[in-house]
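Summary of the model geometry
Below are the chains, spelled out letter by letter.
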Amino acid sequence: MPATTPVPLLSAEFLHKLEQLEVVSKKIFAGRMKGERKSKQRGSSVEFADHRNYSTGDDLRHIDWNVYARLDKLFLKLFMEEEDLQIFTLLDTSLSMDFGDPTKLHYGKQVAAALSFVGLVNHDRVMMDTFASNLEVGLPGVRGRSQMYRVVQYLDRLSASGGSDLTAAAKSFAIKHSGKGVVVVISDFLDKRGYSDALRYLLARNMDIYVIHVLSREEVEPELVGDLRLVDSEDDDEAEITISAPLLRRYKQTLDGFVGGLKEWCTKRGITYIFTTTHNPFDQLVLNYLRERGLVR
């Protein structure tokens, strides 16, 4: 029986620390609304960016007449376009996440809440979906600090259920969200179908992708002895085993191979991979580790 915890998602003290951060996009995208960030595209806001030669058909209002007076040549003024950043969170709520103390799901909720708050205080557009066997209807786009209560209410209502099908969920997510931005996938990635097809669906959207791989301390350093019957929490598959030192070594090798394989797969494709266990203090993960990996600054 997984342990339950009354620990709130975020404390007031921690929220104050998060106010100093912002979510970082390695790619800056066009949004649907004007926002606080500056894109690499040239637009029509008031911040000057550069000049270029005038061409027939260009808007005469953007000609720099001061330059014309000095050089007798027509140049257009180019301006940085202000755009918003969209932050998507895709949180795994399958039954395997309901394990550990705190559970992986609770830990994932804390990460999702923290990133959402950072986005909201910076006037980014924050969206959230969850998945188990399918993509679930999530939190629609919200913006502004005052919407944090909706994020917390949404996360507090979530509970683990069903098996995991990350591939089906990622495909639905890619179809549902046509916009671009930063997507953060929070999961234990314990899916018998694997992860490569799922992540390819997200790569096809050309988003900034961050993978936060969460495992429990008990999964990384199991403290098991004797004869056991293990039952898969998602599909009830059973296996009877005798715990021995060689078996634990093989388990550790397999786990290291799985974690290393996912990290390598992500790194080769430009996905930022972040591994953590629920034993890793949550505040350190957000304030230090996520900052080191470039997700926040």
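In what follows, the accompanying structure is described. (Residues numbered from 1 in each chain as written. Predicted model: local features only at pLDDT ≥ 70, side-chain atom pairs only at ≥ 80, totals over all residues. Heavy atoms only, no water.)

Another point: the side chain of Ser-96. Mapped onto the secondary structure, Ser-96 falls in the loop between strand E3 (86-92) and helix H3 (104-121). The exposure class of Ser-96 is buried, given its relative accessible area of 9%. (Helix = DSSP H or I, 4+ residues; strand = E, 2+ residues; numbered from the N terminus. Buried < 20%, exposed > 50% of the residue type's maximum accessible area, 1.4 Å probe, protein only.)

The next subject is the pairing of strand E10 (residues 272-277). The buried fraction of E10 is high, at five of six residues. As paired strands, strand E7 (residues 208-215) and E10 are joined by six bridges and run parallel to one another. Following the sheet pairing, Val-211 is matched in E10 by Tyr-273. (Pairing = 2+ DSSP bridges.)

With that settled, consider the nonpolar core. Counting residues in each nonpolar core, the largest one holds 45 residues, and the members touching the most others are Leu-10, Leu-18, Leu-155, Ile-212, Leu-290 and Leu-295. Judged by nonpolar contacts, the second largest core, of 28 residues, contains Phe-88, Met-127, Val-183 and Leu-262. (Core = buried A, V, L, I, M, F, W, Y, C linked by side-chain atoms within 4.5 Å.)

Let us now look at the packing of H3 against helix H9 (residues 282-292). Close contact between H3 and H9 brings their axes to 10 Å; oriented N to C, the two are set at 50°. By the angle between their axes, H3 is oblique relative to H9. With respect to the hand of their crossing, H3 and H9 are arranged in right-handed fashion. Packed against H3, whose contacting residues are Tyr-107, Gln-110, Val-111, Ala-114 and Leu-115, the element H9 presents Phe-282, Leu-285, Val-286 and Leu-290 at the interface. The class makeup of the residues in the contact of H3 with H9 is eight nonpolar, one polar and no charged. (Axes fitted to C-alpha atoms, helices over the stretch in contact; angles between N-to-C directions. Parallel < 35°, antiparallel > 145°, perpendicular 65-115°, else oblique. Left-handed = near helix turned anticlockwise from the far one by under 90°. Contact = heavy atoms within 4.5 Å. Nonpolar A, V, L, I, M, F, W, Y, C, P; charged D, E, K, R; others polar.)

Within the span of H9, buried status applies to Phe-282, Leu-285, Val-286, Leu-287 and Leu-290. Where H9 is buried, its residues touch helix H1 (12-18), H3, E7 and E10. Note on H9: the residue one or two positions beyond its end, Gly-294, has a positive phi of about 90°.

With that out of the way, let us pick up a negative patch on the surface. Negative charge collects at one region of the surface, where Asp-101, Glu-218, Glu-221 and Glu-223 lie side by side. Among the structural elements, Glu-218 can be located in helix H7 (residues 217-220). Residue classification places Glu-218 among the partly exposed residues on the basis of a relative accessible area of 33%. (Patch = residues over 30% accessible without salt bridge, like charges linked within 9 Å, V, L, I, M, F, W, Y side chains within 5 Å. Areas by Shrake-Rupley, 256 points an atom, 1.4 Å probe, with all protein chains shown as cover. Salt bridge = Lys/Arg side-chain N within 4 Å of Asp/Glu carboxyl O. Lys, Arg positive; Asp, Glu negative; His and termini not counted. Charge placed at Lys NZ, Arg CZ, Asp CG, Glu CD.)

Right, let's get into the pairing of strand E6 (residues 182-187). Most of E6 sits inside the fold, with six of its six residues counted as buried. Taking every second residue as pointing to the same face, both faces of E6 are buried, with Val-182, Val-184 and Ile-186 on one and Val-183, Val-185 and Ser-187 on the other. Of the strand pairs in this sheet, E3 and E6 are connected by five bridges, and their pairing is parallel. By the bridge assignment for E6, Ile-87 is matched with Val-182. In this sheet, E7 lies alongside E6 in parallel orientation, the contact comprising six bridges. Each bridged residue has a counterpart across the sheet, and for Ile-186 the counterpart in E7 is Ile-212. For the handedness criterion, the β-α-β arrangement of E6, helix H6 (residues 196-203) and E7 is classed as right-handed. (Right-handed = clockwise from strand over helix to strand, strands pointing away.)

With the rule as written, the count across this model stands at six aromatic pairs. Ring centres 6.1 Å apart and planes at 80° place the aromatic pair Tyr-107 and Phe-282 in the edge-to-face group. In this pair, Tyr-107 sits in helix H3 while Phe-282 sits in helix H9, placing the two residues 175 residues apart along the sequence. Summarising the burial analysis for this pair, Tyr-107 and Phe-282 share the class buried. Feature note: the residues Phe-14, Tyr-107 and Phe-282 constitute an aromatic cluster, connected by ring pairs. Directly above the aromatic system of Trp-265 lies the positively charged group of Arg-269, at a separation of 3.9 Å from the ring centroid. (Phe/Tyr/Trp six-rings, centres within 6.5 Å; stacked < 30°, edge-to-face > 60°. Lys NZ or Arg CZ within 6 Å of the ring centre and 35° of its normal.)

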